[in-house]
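Okay, here's what each chain looks like letter by letter:
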Amino acid sequence: MAIPRPRTGLGLRPQLSDEVATRIRELIMEGRVRPGEFLRLERLAAEFGISVTPVREALQSLRSEGFVQLEPRRGFIVAPLSKRDVTDLFWVQATIAAELTERAAARVTTDTVRELAAIQRSLEQAAAAGRPDLVEERNHDFHRKINQAAGSPKLAWSLASVGRYVPRGLYARLPDWPALAVHDHQRVLAELRRDAPAAAGARMRTHIMRAGELLVAHLERQGMWRPELDEVAD
């Protein structure tokens, strides 16, 4: 297992174990560590340049989320993750995001629509400039603005909790995703402009599910699943 060194050091902050958990979650969801692989505390600590304690805390946290399992007297291993698991995660995201979008559409203001349009223009400029990293940032801003407009903070929190299974920065590495974001956001924005809550929610649901399909295809290219094992897991 080759653990890439982080682009920036992991600072000594109270949230260090959370940062480590995020990094390991990224490795799992990007297919760089596979189900059944052992995650050695000392090796991870050395690669991240930190002590073993925050790594252990991170793995315990990931265990509670179902990302890793603890084998008695052997250590932590990456938990099974099937295509159905990934699809289910996106189904949950799509369902919640669609409801938030529908609620937002029912109460959205002209100013909010104007702000969303400005974010979308910036997103499209980033896509045209070949900056998928900026596309992802603007994508985050676009969705956050809609979720805030819904006026349902607990539901938005639930969406954020599920969304952390897909690390920030991953979408930017999917070749077809920037064009998908441009196209689908335009459709969502059009429904918000014409005050069509149900249609806006439906567009958002489709958008999230299509993003999930791209991620599944990416993980398949990475060799995440062997056909015979994934068939059994499903």
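Residues numbered from 1 in each chain as written. Predicted model: local features only at pLDDT ≥ 70, side-chain atom pairs only at ≥ 80, totals over all residues. Heavy atoms only, no water.

Draft legend 1. Looking closely at the layout of surface pockets. Each pocket or cavity is described by its volume, and for the largest pocket that value is around 570 Å³. Of all elements in the fold, only helix H4 (83-107), helix H6 (132-149), helix H7 (153-163) and helix H9 (197-221) reach the threshold of two or more residues within the lining of the largest pocket. For the lining of the largest pocket, the element with the most residues is H6, which contributes six residues. Of the residues in the lining of the largest pocket, the class split is eleven nonpolar, seven polar and four charged. (1 Å grid on protein atoms, 1.4 Å probe; cavity = no way out; pocket = protein on both sides within 12 Å on 5 of 7 lines; lining within 4 Å. Points joined across faces, edges and corners; volume = space filled by probe spheres on them. Helix = DSSP H or I, 4+ residues; strand = E, 2+ residues; numbered from the N terminus. Nonpolar A, V, L, I, M, F, W, Y, C, P; charged D, E, K, R; others polar.)

Draft legend 2. Up close: the sheet that holds strand E2 (residues 68-71). Pairing in this open sheet of three strands is antiparallel, and the strands run E1-E3-E2 from one edge to the other. Pairing within the sheet leaves two strands with one partner each, and these edge strands are strand E1 (38-39) and E2. Looking at chain direction, E2 and strand E3 (residues 75-78) are connected through four bridges and run antiparallel. Considered in E3, the bridge of Leu70 is made with Phe76. (Pairing = 2+ DSSP bridges.)

Draft legend 3. The packing of helix H1 (residues 16-29) against helix H3 (residues 52-65), seen in detail. Their axes nearest at 8 Å, the elements H1 and H3 cross at an angle of 60°. By the angle between their axes, H1 is oblique relative to H3. Crossing handedness for the pair H1 and H3: right-handed. In this structure, H1 uses Leu16, Ser17, Val20, Ala21, Ile24 and Arg25 to contact H3, whose residues at the interface are Pro54, Val55, Glu57, Ala58, Leu59, Leu62 and Glu65. Residue composition of the contact of H1 with H3, grouped by class: nine nonpolar, one polar and three charged. (Axes fitted to C-alpha atoms, helices over the stretch in contact; angles between N-to-C directions. Parallel < 35°, antiparallel > 145°, perpendicular 65-115°, else oblique. Left-handed = near helix turned anticlockwise from the far one by under 90°. Contact = heavy atoms within 4.5 Å.)

Draft legend 4. Representation of the packing of aromatic side chains in the model. Evaluated as defined, the whole model comprises one aromatic pair. With 5.3 Å between their ring centres and 15° between their planes, Tyr171 and Trp177 make a pair best called stacked. Exposure class is identical for Tyr171 and Trp177. Each is buried. (Phe/Tyr/Trp six-rings, centres within 6.5 Å; stacked < 30°, edge-to-face > 60°. Buried < 20%, exposed > 50% of the residue type's maximum accessible area, 1.4 Å probe, protein only.)

Draft legend 5. How the structure looks around the nonpolar core. Core analysis: the biggest nonpolar cluster contains 66 residues, and Ile24, Leu59 and Leu215 have the highest contact counts within it. Looking at this core, the element that brings in the most residues is H4, giving nine residues. Setting aside chain neighbours within four positions, we find Ile24 in contact with Leu39, Leu44, Phe48, Leu59 and Leu62. (Core = buried A, V, L, I, M, F, W, Y, C linked by side-chain atoms within 4.5 Å.)

Draft legend 6. Inspection of the environment of Ser161 at higher detail. Residue position: Ser161 is located in helix H7. Placed 21 residues apart in sequence, Ser161 and Val182 show a C-alpha to C-alpha distance of 25 Å.

Draft legend 7. Here's a closer look at the pairing of E3. In terms of strand pairing, E1 meets E3 through two bridges, oriented antiparallel. Pairing of Phe38 across the sheet is with Ile77, part of E3. If you look at the hairpin formed by E2 and E3, you'll find three residues sitting between the two strands, and Arg73 has a positive phi there, around 65°.

Draft legend 8. Spotlight on the pattern of salt bridges. This structure, assessed with the given rule, holds twelve salt bridges. Between Arg210 and Asp184 there is a salt bridge, and its shortest N-O distance comes to 3.1 Å. Residue Arg210 is found in helix H9, and its partner Asp184 is found in helix H8 (residues 177-193); the two are separated by 26 residues along the sequence. Notably, a salt bridge pairs Arg194 with Glu191, separated by 2.5 Å at the nearest N-O pair. Residue Arg194 is classed as exposed on the basis of its relative accessible area, which comes to 54%. Judged by its relative accessible area of 9%, Glu191 falls in the buried class. Shared partners join several salt bridges into a network, and the residues in it are Glu137, Arg138, Asp141 and Arg144. (Salt bridge = Lys/Arg side-chain N within 4 Å of Asp/Glu carboxyl O.)

Draft legend 9. Unusual backbone geometry, seen in detail. In this model, Arg73 sits at a positive phi of 65°, which is unusual for a non-glycine residue. In this structure, Arg73 sits in the loop between E2 and E3.

Draft legend 10. Representation of H6 within the structure. Its 18 residues give H6 an end-to-end C-alpha distance of 26 Å, which sits within 8% of 26 Å, the value for a rise of 1.5 Å per residue. Inspection of H6 places Val135, Glu136, Arg138, Asn139, Asp141, Phe142, His143, Ile146, Asn147 and Ala149 among the buried residues, and these make up the whole buried set. Within two residues after H6, Gly151 carries a phi angle of roughly 65°, on the positive side. (Expected span 1.5 Å × (residues − 1).)

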